[in-house]
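Close look at the chain arrangement
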Amino acid sequence: MIDRIFDPASFEQRWYAHWERNARFRPARPDAQPFTIVIPPPNVTGSLHIGHALDNTLQDILIRWHRLNGRDARWIVGTDHAGIATQMVVERRLAEAQQPGRTAMGRAAFEAKVWEWKAESGGTITGQLRRLGASCDWANERFTMDDGFNAAVIKVFVELYNQKLLYRDKRLVNWDPKLKTAISDLEVETREVAGTFTHIRYPLADGAVLDSGADHIIVATTRPETMLGDTAVAVHPEDARYASVIGKFVELPITGRRIPIIADEHADPELGSGAVKITPAHDFNDWAVYERNKAIGWINILDAEANICVADGVPAAYVGLTREAARKQVVADLEALDRIERIENKTIQMPYGDRSGVVIEPWLTDQWYVNAGELAKDALAAVHDGRTRFVPATWEKTYFNWMENIQPWCVSRQLWWGHRIPAWYAPDGRVFVAETQAEAQAQAGDVALTRDEDVLDTWFSSALWPFATLGWPAETPDVARHYPGDVLVTGFDIIFFWVARMMMQGLHFMDEVPFRTVYCHGLVRDAKGQKMSKSKGNTVDPLVLIDKYGADALRFTLTAMETQGRDIKLNESRIEGYRNFATKLWNAARFAQMNGIAGHPDIMPPAATQPVNRWIIGEVKQTARALEQAIADFRFDAYADAIYKLVWSRFCDWYLELIKPLLAEGADADVAAETRSTAGWALDQILVMLHPVMPFLTEELWHQLGTRDDLILAQWVATAALPEDAAASADIDWLIGLISEIRSARTEVNVPPSAKLPFAVEGASPETTARLAANAPAIERLARVTAGAAPEGGRLQLVHGEATFLIPIGDVIDLAAEKARLDKALAAAIKERDALAGRLGNPGFTEKAKPEAVEKAREDHEARSAEAERLAAALARLG
RNA sequence: GGACGCGUAGCUCAGUGGUAGAGCACUGUGUUGACAUCGCAGGGGUCGCAGGUUCAAUCCCUGCCGCGUCCACCA
C-alpha cells in the first residue's frame, strides 16, 4: 500500500541503486537511433554546486525523455583533472597539514599526492550526481588523465605540431606571479580598482628642445615602476609638436639610460601629452610597438614572482622589491629628482588571475601556442551553416564575435598536475615533438634529451572530450555511433573556454562538429539575484535541498525556472511548492489505489464511453503534445508547466472528483470498471510524462500501482494514436463551468442537501437538460461543498451558458452580496459586449482581420449579449 | 568604446498584433475518508517612459530612462 506520508528519502536512493545495478543507464537498443550527450566533466575533486544541479537536471531530462521515446540514449560521463584548480587544492592541503610544500617534495612526490587526493575525494561529485538522479552511463566513466585519454591528448599535440598549427614562441603572456604559470586570455578578469595616474617628465638628451621650448617630454602611466624597463618614447608620426625630436633621445631618469624617441601610430595625439613611454617587456601594446621597431629592444625588469630583478639600468637598491614597493620607490625617487609633473587619482582597469586572485603581469616567456585563428575558420563556418546551432540563438553572436577575433591560444602551463608536454630539447636548443621519448630520441640522434617541464592547459584536453571519451584515436564502434553527439548542455560562461575549443578540435580531428545543438542555460543566482559565491556566503548546497525536499522537487524547480537561458533566481519557497506538487501526486496515486485503480496493462487507453473518461484521455493527449513541443523547443519551463497543470488542475482537481460518484457504492458496475481502467491508464501516462523531471517519485508510484518492468524503460504515450473527443470535452468544460459558477456563489448561500437535481432551469436547450441529468451526481457533490442542514429558502439565480438555473437554496446569508456578485458579472459582460461591438463596427477590423478572428468576435458578441440580458433578468428577479 | 539581455500583479516570472496569465504571497472560508505539504472563493496590473507603423500595439519600429552581463589596447 502507498504510505500515508510522502517521504522521498525512503525510496530515492533505493531506486537509483536498482537502476544502476540493473544497467538501466546503459544503451541497450542497438537497432534504435542513438541519442548522445556528453556531460561537461566536473572537476574530479570538486563537489556538486547548484549550477551542476541545473546543468545535469536538464541533461537528464533530455536523456530520460529520449530513452522513453525509444532512442538508444547514452549519457557519457566522467571527470576533469582540472589542472590549476586541483593543484591549488592539494598545495593548500599540504600547507594546512604543515607538510612540505610542492617544491620541497619535488615533482614525482607531489604528483603522487595529487593522485592520492583524487582517490580520496574523486568519488564525491559522482556520488552527488547519483543523488540528483543523473542517469549517466557509469560503466564507461572516463577521466581526462586516464591512459586512453592521455594517448589522445599526446596524439593531438603531436599532430597539431606536425601540421604547424601548434608552435613554440617567445611573446608576452599573462603571467600569474602567485601560481608562477602562464595563463590564457580567458583566465584573466579585468577589475576596476582605485589607482593613480602619474605624469612624468623625461628630460630630452643632448640639449634638444621641443618647438614649444620645453626641455622634456611628459609621459603618463598607471604603473610608474615599469619606467625602469622603458626602451623608447613614442609619438605619433604626424604630431607636429614632436616632429623635431623624432630620432633624438631622452634621458631615462633613475636608470641613466638614453632611450630613443620614435614615431609610431600607437601614440594617440589626442590623449595626454601625445607621447607614450614604451616598455616592451611589460605591456602588450608596447610589445606590438617593439615588433614594429625592433631596434629599440626590450628590457625585462621582473622575475617570475613579479619582483624587480637585475636588469640594465636598474639600480641595485631596487632588486628584490615587489611591484608595489618598487612603484613607491620610483615615485619617491622621481619626486626627489623633480621629475613628477603631477599624480592623479583614477579608477583603472587591472587584470587579475581568475584562480589566484592576484594581479596578472604581462611577462616575456617561451610558451606553446595553438594557431586558434586557423582552427576557428571551420568552427565559425559550422555554426554559420547550421551544422551546429545554439539555443538560444543569441549566443551565436557571442560565439562569432569571439571566434572572429581569436588570438593564439597559449596552451602550456608551468604546473605539475596535467598532461606533460611531449617535447624534448637537445642541449643546443633544438626541439623534438613526438608521442614517445624513444621517437624523439630517434629524431634527435645521439644527444641527451630533456623533456619539457610544462603541462597543458586543462581546456586543451577537455576540448577532446566529445571523441576521446569514445576511445579515439582508436576507430571504435562507439566513435562511429556516438559522434557527433546530439546536444551539449552547458552554461554560457564556458562558451569560449570549452564549447569553442571542442568545436575547433572536433572539426579538425573528426571532420565533423562535436554536437548538433548547444543549449546554454543561465546562472543560478540567490533569491535576491546576487551571484552565488563562497566569499559572499550566499551559496546553497543542492545536497541540503535534496535532503530537505527530495531530489525530484529540486529538479522540478530548476526545470520550471529554466526559461530560455535566462538567469535563475532560486527561491527556496519555490522548491517547497514543487515538493507539495510531488505530495499531491503521491496522494492522488494513493486515492487511486484505495479505489481499486491500478496501472493499466496496455499503452493505449481502454475504449471509454463516459464523457469524463473520454475527456481525460484527450487531456493526456494534449499534454503529451505540449511536452513533445517543449522538448523540441528546449523549453524546459513549458515542460514543467504543462505537466503541472495536467496533474493538479485537471487530473486531481477535476477528474478524480468527477469520477468519485462513478466509483461509489451502487454505481453502475460497467461504468465503474471502465473508469478504473481509464484512471489507471491516465495515471500511468502522467508517470511516464513526469518521469524525466521527477524520476524517483514516478518510478516508486509506477511500482506501487502494479507489478511491472521499471518505468525508466517504459514507452512514451503514442500521442498520434490517442483518441480525442470534442463532444466529451465540450461536455466536461460545460460541467466544470457550471460547478465553478455555483461555487463562486457558495460564499453567499448554502445549498441544502434536500435540493435534488435537476434544478429548475429556464431557457435550457434539450442538450443542456440532458447534460444536467447526466451529471447530476457530480454537480450535487461538487457544487455543495458547504452544504449543511438548512431550511428551504429562496432560489439562487444562476446564469450559465444559454440557461438560467434556479437552484433551491437554504438560508441566504447575504442577499446583497449575491446581488453585488450579479451586478459585477453584468458590468463585465456589458463591457465586453460593447468592446466587441465596437470592434465589429470597425470596417478596418471586419475587412482586414483574419476571418477566424472576426467570426470569433461575432460569436463572442452574441454570447455576451445574451449573457448580459439573462444576468439583468436574474438581477431583476432577485428584487 | 563595441555587443547582448532585461524592465508585465507585492515577489519570481510566462505570454500574445484583436477580451492580460501562472506560482508564491495576501484576504475570506472549509475538519464531505486521497491530500491542511490540502480544498474552495476573492482582491490586486494605465504590461518602464515618449513617439511612430497599424483599423487595432503589452507585443513590431525609433528614441529615452533604469538594471544587468560579456568583449575591448585608453598609455
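Residues numbered from 1 in each chain as written. Chains lettered and ligands numbered in written order. Predicted model: local features only at pLDDT ≥ 70, side-chain atom pairs only at ≥ 80, totals over all residues. Heavy atoms only, no water.

Looking only at helices and strands, chain A features 28 helices and 28 strands. Rg of the C-alpha trace for chain A: 37 Å, well past the compact-globule value of 29 Å for 879 residues, more than 25% over. Principal-axis analysis of the C-alpha atoms places the extent of chain A at approximately 115 × 65 × 55 Å. Looking at chain A as a whole, 54% of its 879 residues are labelled buried. A fraction of 77% describes how many contacts in chain A between residues 6 or more apart in sequence connect residues 24 or more apart. (Helix = DSSP H or I, 4+ residues; strand = E, 2+ residues; numbered from the N terminus. Rg over C-alpha atoms; globule rule 2.2 N^0.38 Å. Buried < 20%, exposed > 50% of the residue type's maximum accessible area, 1.4 Å probe, protein only. Contact = heavy atoms within 4.5 Å.)

This brings us to the packing of aromatic side chains. Think of a pair of aromatic rings as described by two things: how far the centres are apart, and how the planes are tilted against each other in angle. Enumeration over the complete set of coordinates arrives at 38 aromatic pairs. An angle of 65 degrees between the planes, with centres 6.0 Å apart, marks the rings of Phe110 and Trp416 as edge-to-face. Here Phe110 is found in helix α5 (residues 107-132), whereas its partner Trp416 is found in the loop between β17 (412-413) and β18 (423-425), with 306 residues between them in sequence. Each member of the pair, Phe110 together with Trp416, is buried. Relative to Phe143, the ring of Trp115 lies with its centre 5.9 Å away and its plane at 75 degrees, an arrangement referred to as edge-to-face. Of this pair, Trp115 sits in helix α5 while Phe143 sits in strand β4 (residues 142-143), and the two are 28 residues apart along the sequence. Overall, Trp115 belongs to the partly exposed group, its relative accessible area being 35%. Accessibility expressed as a relative area gives 6% for Phe143, which makes it buried. The ring of Trp416 carries the charged tip of Arg102 above its face, separated from the ring centre by 4.7 Å. (Phe/Tyr/Trp six-rings, centres within 6.5 Å; stacked < 30°, edge-to-face > 60°. Lys NZ or Arg CZ within 6 Å of the ring centre and 35° of its normal.)

Across the ten residues that make up helix α22 (residues 695-704), a large majority, eight, are buried. If you follow the buried residues of α22, they end up packed against α1 (12-21), α2 (50-68), α5, α17 (551-561), α18 (572-594) and α21 (669-690).

We now examine the confidence of the model for chain A. Mean pLDDT over chain A works out to 88, with 95% of the residues at or above the 70 mark. Low pLDDT, under 50, characterises residues 785-793; the predicted model gives this stretch 21 contacts beyond four residues in sequence or across chains. Reported confidence for the predicted complex is 0.95 by ipTM and 0.91 by pTM. (pLDDT = per-residue confidence, 0-100.)

To continue, consider the sheet that holds strand β7 (residues 188-203). The sheet built from three strands is open, its strands ordered β8-β7-β13 with antiparallel pairing. The open sheet is flanked by β8 (216-221) and β13 (340-353), the only strands paired with a single partner. Ignoring strand direction, the axes of neighbouring strands in this sheet form an average angle of 20 degrees. Relative to β13, β7 is paired through 13 bridges, and the arrangement is antiparallel. What sits directly across from His199, in β13, is Arg342. Seen against the sheet, helix α8 (residues 323-336) touches β7 and β13 and runs at an angle of roughly 165 degrees to β13. (Pairing = 2+ DSSP bridges. Axes fitted to C-alpha atoms, helices over the stretch in contact; angles between N-to-C directions.)

Okay, the side chain of Thr469 next. Within the secondary structure, Thr469 is located in the loop between α13 (465-468) and α14 (477-482). For Thr469, the side chain forms a polar contact with the main-chain oxygen of Trp465, separated by 2.6 Å. Dropping the residues within four chain positions of it, Thr469 is found in contact with Val38, Ile76, Asn140, Arg142, Phe149 and Leu464. (Polar contact = N/O pair within 3.5 Å; in protein donor to acceptor, adjacent residues only side chain to side chain.)

Before going further, it helps to spend a moment on unusual backbone geometry. Along the chain, Val391 connects to Pro392 via a cis peptide bond; the corresponding omega equals -5 degrees. Its place among the elements puts Pro392 in the loop between β15 (389-391) and α10 (394-404). Residue Ala82 is not a glycine yet carries a positive backbone phi of 50 degrees. If you check the backbone angles, Ala306 has positive phi at about 65 degrees while not being a glycine. Within the secondary structure, Ala306 is located in the loop between α7 (284-292) and α8.

Moving on, we get to the packing of α18 against helix α20 (residues 636-663). Two elements in contact, α18 and α20, have axes whose closest approach is 11 Å; the angle formed by their N-to-C orientations is 30 degrees. Put simply, α18 runs roughly parallel to α20. Considering only the axes of α18 and α20, their crossing is left-handed. Along its contact with α18, which presents Tyr578, Asn580, Phe581, Lys584, Leu585, Ala588 and Phe591, the element α20 presents Ile643, Tyr644, Val647, Trp648, Phe651, Cys652, Leu656 and Lys660. Considered class by class, the residues forming the contact of α18 with α20 number twelve nonpolar, one polar and two charged. (Parallel < 35°, antiparallel > 145°, perpendicular 65-115°, else oblique. Left-handed = near helix turned anticlockwise from the far one by under 90°. Nonpolar A, V, L, I, M, F, W, Y, C, P; charged D, E, K, R; others polar.)

Another point: the layout of surface pockets. Here the second largest pocket is characterised by a volume of approximately 1100 Å³. If you go around the second largest pocket, you meet 38 residues; those closest to its centre are Ala220, Thr221, Thr222, Asp283 and Asn285. It is β13 that provides the largest number of residues to the lining of the second largest pocket, a total of six residues. (1 Å grid on protein atoms, 1.4 Å probe; cavity = no way out; pocket = protein on both sides within 12 Å on 5 of 7 lines; lining within 4 Å. Points joined across faces, edges and corners; volume = space filled by probe spheres on them.)

Moving on: empty space enclosed by the protein. Counting across every chain of the model gives three cavities of 30 Å³ or more. In this structure, the largest cavity encloses a volume near 50 Å³. Considering the residues around the largest cavity, the lining is formed by 13 residues, among which Val38, Pro466, His482, Gly485 and Pro514 are closest to the centre. When contributions to the lining of the largest cavity are tallied by element, the ones reaching two or more residues are β1 (34-38) and β22 (485-491). Across the lining of the largest cavity, the residue classes tally to nine nonpolar, three polar and one charged.

On to the pairing of strand β10 (residues 249-252), then. Here β10 shows a clear split, with Val250 and Leu252 buried on one side and none of Phe249 and Glu251 buried on the other. Across four bridges, the pairing between β10 and strand β11 (residues 257-263) is antiparallel. Opposite Phe249, over in β11, you have Pro260 as the bridge partner. Between β10 and β11, which follow one another and run antiparallel, lie four residues, and Ile254 among them has a positive phi close to 70 degrees.

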